[in-house]
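Spelled out from the first residue to the last, the chains are:
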Amino acid sequence: MMKKRLLGLASLLLFFLLAACAGNEATTPNENADTESDTHEIMDNNRGESDSNKEMDHSGMHHSGSDEVPEGLEEAENPTYPVGSKVIMHADHMPGMNGAEATVSGAFTTTVYSVTYTPTNGGEPVENHKWVVHEEIETAGAEPYKPGDEVVLHADHMKGMKGAKATIDTAEQTTVYMVDFTDEATGEKINNHMWVTEDELSPVE
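On a predicted model such as this, the values are computed, not experimentally measured, just so you know.

## Re the overall build of the chain
Here's step 1: For the chain, the helix and strand inventory stands at 1 helix and 8 strands.
Here's step 2: Helices (α) and strands (β) of the chain occur, in sequence order from the N terminus, as α-β-β-β-β-β-β-β-β.
Here's step 3: Long-range contacts, defined as pairs at least 24 residues apart, comprise 61% of the intrachain contacts of the chain with a sequence gap of at least 6.
Here's step 4: For the chain, the computed accessible surface area is about 12,900 Å², with 52% contributed by carbon and sulfur atoms.

## Here's the deal with the nonpolar core
Nonpolar side chains in soluble globular proteins generally cluster together in the buried interior.
Here's step 1: M89, M97, Y177, V179, F181 and L201 are the most contacted members of the largest nonpolar core, which totals 17 residues.
Here's step 2: Once you skip the residues sitting within four places of it in the chain, M97 turns out to touch M89, A91, F181, H193 and V196.
Here's step 3: Core analysis: the second largest hydrophobic core is formed by 14 residues, Y113, V115, V132 and A166 among them.

## Description of the confidence of the model for the chain
Here's step 1: Put simply, the chain has an average pLDDT of 79, and 67% of its residues get 70 or more.
Here's step 2: Note on residues 17–60: pLDDT is under 50 here. Beyond four places in sequence and across chains, it has 11 contacts.

## Regarding the environment of V152
Here's step 1: Within the secondary structure, V152 sits in strand 5 (residues 150–152).
Here's step 2: In sequence terms V152 and A164 are 12 residues apart; their C-alpha atoms lie 5.6 Å from each other.
Here's step 3: Discounting residues that sit within four places of it in the chain, V152 has contacts with I137, E138, G163, A164 and K165.

## A word on the environment of H129
Here's step 1: In this structure, H129 sits in strand 4 (residues 126–133).
Here's step 2: By relative accessible area, H129 is classed as buried at 6%.
Here's step 3: On a C-alpha basis, the gap between H129 and S114 in space is 5.2 Å, while along the polypeptide they are 15 residues apart.

## Details of unusual backbone geometry
Here's step 1: Between K130 and the following residue, W131, the backbone shows a cis peptide bond with an omega angle of 0 degrees.
Here's step 2: Tracing the backbone shows W131 in strand 4.
Here's step 3: Each neighbour pair has its own omega, and for M194 with W195 the value is 5 degrees, a cis peptide bond.
Here's step 4: Even without being glycine, N128 reaches a positive phi, approximately 55 degrees.

## Some thoughts on the side chain of S85
Here's step 1: One can find S85 in the loop between strand 1 (74–75) and strand 2 (86–89).
Here's step 2: Separated by 2.7 Å, the side chain of S85 and the backbone oxygen of P82 make a polar contact.

## Here we look at the side chain of T174
Here's step 1: Within the fold, T174 resides in strand 6 (residues 165–182).
Here's step 2: Since its relative accessible area comes to 16%, T174 is described here as buried.
Here's step 3: Discounting residues that sit within four places of it in the chain, T174 has contacts with F108, T109, T110, V112 and E198.

## Focus: the packing of aromatic side chains
Working definition: an aromatic ring pair is given by the centre-to-centre distance plus the angle between the planes.
Here's step 1: Under the counting rule described, the total for this entry stands at 3 aromatic pairs.
Here's step 2: Measuring from centroid to centroid gives 5.8 Å for F108 and W195, while their planes differ by 80 degrees, and the two rings are edge-to-face. Taken as a pair, F108 in strand 3 (residues 101–117) and W195 in strand 7 (residues 189–197) lie far apart in primary sequence, 87 residues in all.
Here's step 3: Using a relative accessible area of 0% as the deciding quantity, one classes W195 as buried.

## Some details on the pairing of strand 6
Here's step 1: As paired elements, strand 3 and strand 6 share 15 bridges and run antiparallel to each other. Its bridge partner lying in strand 6, T109 is registered against T175.
Here's step 2: Relative to strand 7, strand 6 is paired through 6 bridges, and the arrangement is antiparallel. Its bridge partner being in strand 7, V176 is matched across the sheet by T197.

## Notes on the environment of I88
Here's step 1: Mapping I88 onto the fold places it in strand 2.
Here's step 2: With 12 residues separating them along the chain, I88 and A100 place their C-alpha atoms 5.8 Å apart.
Here's step 3: Not counting chain neighbours up to four residues away, the residues in contact with I88 comprise G99, A100, E101, E200, L201, S202, P203 and V204.

Definitions and cut-offs
- In this numbering scheme, every chain counts its residues from 1 along its sequence in written order.
- A pLDDT threshold of at least 70 governs which residues receive local features in this predicted model, and a stricter bar of 80 or more applies before side-chain atom pairs are shown or counted, although totals over entire chains, interfaces and linings include all residues.
- Hydrogens and waters are ignored; side-chain quantities use all the structure's heavy atoms.
- Helix and strand definitions follow DSSP, with helices as H or I runs of at least four residues and strands as E runs of at least two, each counted in order from the N terminus.
- Any two residues whose heavy atoms approach within 4.5 Å are treated as being in contact.
- Methods summary: accessible areas were calculated by the Shrake-Rupley approach with a probe of 1.4 Å, and residue burial reflects only the protein chains presented.
- To define a nonpolar core, start from buried Ala, Val, Leu, Ile, Met, Phe, Trp, Tyr and Cys residues and group those joined through side-chain atoms within 4.5 Å.
- Accessible area is worked out with a 1.4 Å probe on protein chains only. A residue is then buried under 20% of its type maximum, exposed over 50%, and partly exposed in between.
- Per-residue confidence from the prediction method is given by pLDDT, with values spanning 0 to 100.
- In the analysis that follows, any N or O atom pair within 3.5 Å is treated as a polar contact, provided that within protein one partner can donate a hydrogen and the other can accept it, and provided that, for residues neighboring in sequence, both atoms belong to side chains.
- Only Phe, Tyr and Trp rings are paired, with Trp represented by its six-membered ring, and only when their centres lie within 6.5 Å; those with planes under 30 degrees apart are stacked, over 60 edge-to-face, the remainder tilted.
- By the convention used here, strands pair only if DSSP detects at least 2 bridges between them.

Below, the structure is given as structure tokens:
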């Protein structure tokens, strides 16, 4: 009788042990799947942030410049914002720029371009760089370029830009401005930043 009870208890314990193991095996793949899914999601998010940061990387930009302008660039005769005007910028060419107050240090009439180019010092192509004026393109003639035209840049706004082959993305005849402002992100004083277009500015109220 005692042997039967012991055998019964042993069978019962074995049953529970097998059930517990089966339960663990059943949940482990799901848990692993959830973990892998979370890992992929994090990697995808990080990849997206990395791509975004690459597009917004302005570490090579020459924020300040001299007051010397490209040869042949003509001063605007009656600009909306004369030299000395206080303006608000609505452009994000670099961090700390959008919404900052600026002082106009130059106003010029020209054709302005956004361009895509591959830096001469290596690296990925820079897409839709704003802005390059007509007089900053090598061997530029009197006629403005059109979207799709291939040119060689003489501008030196960023490292690897001067001498780079570029494609014109957009072209517009307008007034461009050189401005002084304080970088709202770093507090750095930026002098003679080139360029901001007229539709990227508004008067200080």
